[in-house]
Amino acid sequence: MYAEEVAEMAGRIRDEDIALVRERTSIAEVISDTVTLKSAGGGNLKGLCPFHDEKSPSFNVSPARNVWYCFGCGAGGDAIKFLMDAEHLSFIESVERLAARAGIQLRYVEDDRSAPRTRPQQGQRQRLVAAHAAAVEFYRAQLSTAGARPAREFLAQRGFDRAAAERYGCGFAPDAWDLLTKHLRQQGFTHDELVTAGLSRPSRSGSLIDRFRRRLLWPIRDLTGDVIGFGARKLFDDDDGPKYLNTPETPIYKKSHVLYGIDQAKREIAKQGKVVVVEGYTDVMACHLAGVPTAVATCGTAFGADHIGVLRRLLLDTDAVAGEIIFTFDGDAAGQKAALRAFEDDQRFVGRTFIAVSPDSMDPCELRLAKGDLAVRDLVARREPLVDFALRHMINRYDLDTVDGRVEAMRRAAPLVAKIKDREKRPEYVRKLAGDLGMEIEPVQRAVLAAAAGQPAGGATGPARSGPVTPTLDSPQSMVEREALKLALQEPVLAGPMFDAVEAGEYRHPVHQVLRAAVAAAGGVATATGGAVWIEQVRDACDDLAAQALVGELAVEPLRIDGEPDPRYVSITMARLQWGSVTGRIKDLKSKIQRINPVSNKDEYFALFGELLSLEQHARALREQAAGGL
Ligand SMILES: [Zn+2]
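Residues numbered from 1 in each chain as written. Predicted model: local features only at pLDDT ≥ 70, side-chain atom pairs only at ≥ 80, totals over all residues. Heavy atoms only, no water.

Novice: Just checking my understanding: could you explain empty space enclosed by the protein for this structure?
Specialist: Which parts of space are left empty comes out when a probe the size of a water molecule is rolled across the atoms. On inspection of all chains with the given rule, the structure shows three cavities of 30 Å³ or more. What lines the second largest cavity is Arg167, Tyr168, Pro219, Arg221, Tyr260, Gly261, Asp263 and Gln264. Of all the elements in the fold, those that place two or more residues in the lining of the second largest cavity are β11 (215–221) and α11 (262–272). (1 Å grid on protein atoms, 1.4 Å probe; cavity = no way out; pocket = protein on both sides within 12 Å on 5 of 7 lines; lining within 4 Å. Points joined across faces, edges and corners; volume = space filled by probe spheres on them. Helix = DSSP H or I, 4+ residues; strand = E, 2+ residues; numbered from the N terminus.)

Novice: How should I be thinking about the environment of phenylalanine 160 in this particular structure?
Specialist: Within the secondary structure, phenylalanine 160 is located in the loop between α7 (149–157) and α8 (162–167). You can call phenylalanine 160 buried: its relative accessible area is 4%. The contacts of phenylalanine 160, once residues within four sequence positions are left out, are Leu155, Thr282, Met285, Ala286, Leu289, Cys365 and Arg368. (Buried < 20%, exposed > 50% of the residue type's maximum accessible area, 1.4 Å probe, protein only. Contact = heavy atoms within 4.5 Å.)

Novice: For this particular structure, what's the right way to read the pairing of strand β18 (residues 353–357)?
Specialist: Regular strands place side chains that alternate from one sheet face to the opposite one. Among the five residues in β18, four count as buried, and that is most of the element. Pairing of strand β17 (residues 324–329) with β18, which is carried by five bridges, proceeds in the parallel orientation. Paired with phenylalanine 329 across the bridge in β18 is valine 357. (Pairing = 2+ DSSP bridges.)

Novice: Even after reading the chapter, I still don't get the coordination of the zinc ion, so can you show me in this structure?
Specialist: Protein ligation of the zinc ion involves Cys49 (SG), His52 (ND1), Cys70 (SG) and Cys73 (SG), the donor distances falling in the range 2.0 to 2.3 Å. Geometry at the zinc ion is tetrahedral, judged from its four donor atoms and the angles of 105 to 116° they form at the metal. Here the donor residues of the zinc ion share one chain and are spaced in sequence as C-x2-H-x17-C-x2-C. With histidine 52 in the loop between β3 (44–47) and β4 (59–62) and cysteine 73 in the loop between β5 (67–70) and β6 (76–77), the pair connects residues that are 21 residues apart, well separated along the chain. Under the relative-accessibility criterion, histidine 52 is labelled partly exposed at 23%. (Donors = N, O, S within 2.8 Å, 3.2 Å for Na, K, Ca; no water. Tetrahedral: all angles 85-135°; square planar, octahedral: opposite > 155°, others 65-115°.)

Novice: Explanation requested: the environment of histidine 257 in the structure shown.
Specialist: Its place among the elements puts histidine 257 in the loop between β13 (244–246) and β14 (259–260). Classification of histidine 257 as partly exposed rests on a relative accessible area of 35%. Along the primary structure histidine 257 and aspartate 222 are separated by 35 residues, whereas in three dimensions their C-alpha atoms are 9.1 Å apart. With sequence-adjacent residues up to four places away left out, histidine 257 is seen in contact with Asp306, His307 and Val310.

Novice: Honestly, the packing of helix α6 (residues 124–142) against helix α9 (residues 179–186) in this entry has me stumped. Any pointers?
Specialist: Each pair of packed helices gets described by two things: the angle between the helix axes and the distance between those axes. Put simply, α6 and α9 touch, their axes get as near as 10 Å, and they point 130° apart. Relative to α9, α6 is oriented oblique. Our pair here, α6 against α9, has a crossing hand that is right-handed. Here Ala131, Ala134, Ala135, Phe138, Tyr139 and Gln142 of α6 come into contact with α9, specifically with Leu179, Leu180, His183 and Leu184. (Axes fitted to C-alpha atoms, helices over the stretch in contact; angles between N-to-C directions. Parallel < 35°, antiparallel > 145°, perpendicular 65-115°, else oblique. Left-handed = near helix turned anticlockwise from the far one by under 90°.)

Now the structure itself:
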């Protein structure tokens, strides 16, 4: 579960306010921002669907019923759902957007179960965003002044024409102390607002001056496209500041979350299920212009866990969990360091992380200049799995012509293989490593097993266990099913009716289904008192050897929670389990709807469509429950 979703739950919007937002929102107006609509007769409107490629309009909006639906791809819902899908916003963000548009002041329900949340006062965000929007206009106008010539030259030398500069909103901070500050003060922004926004700062004499001077500026936007800060490149030799300067931490600019280019890249990231992480503003521009529209960059900080959180939402919004993160590096040394660090970061992403190292130590911007757009696309296409990359670099440091060198390389590389979460892939890497080292498989395998024993996998803190008899742990759905079954076996009193309410059909993995059925056959969790007798009853009810073995394993495997499990944890686990199954059914239903001819089978079409809408509603409720509500 994402921390930000939990935080969101803590500031839940009152139901009556959500209803008011729905009522006061013109669905046609909201959709018209992104889709051109024309009359479809009967008061309805139609246009080209933003969610699938089409040449004739099958995307319909009914202002009277306050819904939209697409006959082509089966997408549909209300105005909130439209913003969620089209802009990749969360439910809360969508409601906030629509509320701002309709001039509705939202009220939030504080959730006392969670830590108090420091939600900025309502209105402050809007003021800071407005100040930035005014600053973007000011800086953009400055870019065509005489003093901005070095800025224009900088862009031109890197292959960016005027249209490119426009598209990214590039600007110039003039050679003046307080031109922007005065301009914004005249527009009614207060001293405090400008300081809080990071646009101005107090000088030594106490007067307010501009933060950026004599620099080329890139506006940095959040997911929704609002400008929340700037990146500023040094242009003059006598500027003794750092090469790049960014907006400091503010209530709206958190550098650990910010990804430059995300506003332009998010649709393609979601569509392609992949994201390319580059190192600078010019690299993002170069990639987008070269036909790699999924590129983003961190701003003045290394790629970290919070960035992964932002991207997960986009990547998981596609149908599977198989999103790819591709890092580009312009030098082998830097790349190696970063790749190895990635092993330490988010283990869940190791298997889906790829490395693209550009030739001749060029960054994507330089590569595009020197060799053209195709070379940039080729760089990304030639990506290599992180594990392969890391292993290659690890063993290349040793002299493999000597026995000592080979043994040492094996010792250093074994822990990397042991860290691979996807256990099914380990044997493959053991063989590969043995081949690369020119050694027999057995000693390499022993070294990997020894390394694995030293670090229990799966985040469990219990004693080292023998290998599981299990289905693989690489899929989040398998993991959550396993967790639910552990709760049923280890904490039946706690799991109680919440566990029993979710039937075997909601489990995806066959052996989990067998085990779930065995729990029911043993009388159900709600009647159990726990202990060894209960475990025995479930084991006896299994008519499958694999399931019997799994009972023994799950009865002792530590729960994936720090501290004692509580009803909230059971609720979250069961919601996540069902969410996986509901999203699977939604996928099936969508594909079924897609195969129906909506004209000749109108009744069936609308019946299925209604079913889809209610399933989607159910999925949303489960998602909220999974995010921590009860
Ligand atoms: Zn469509």
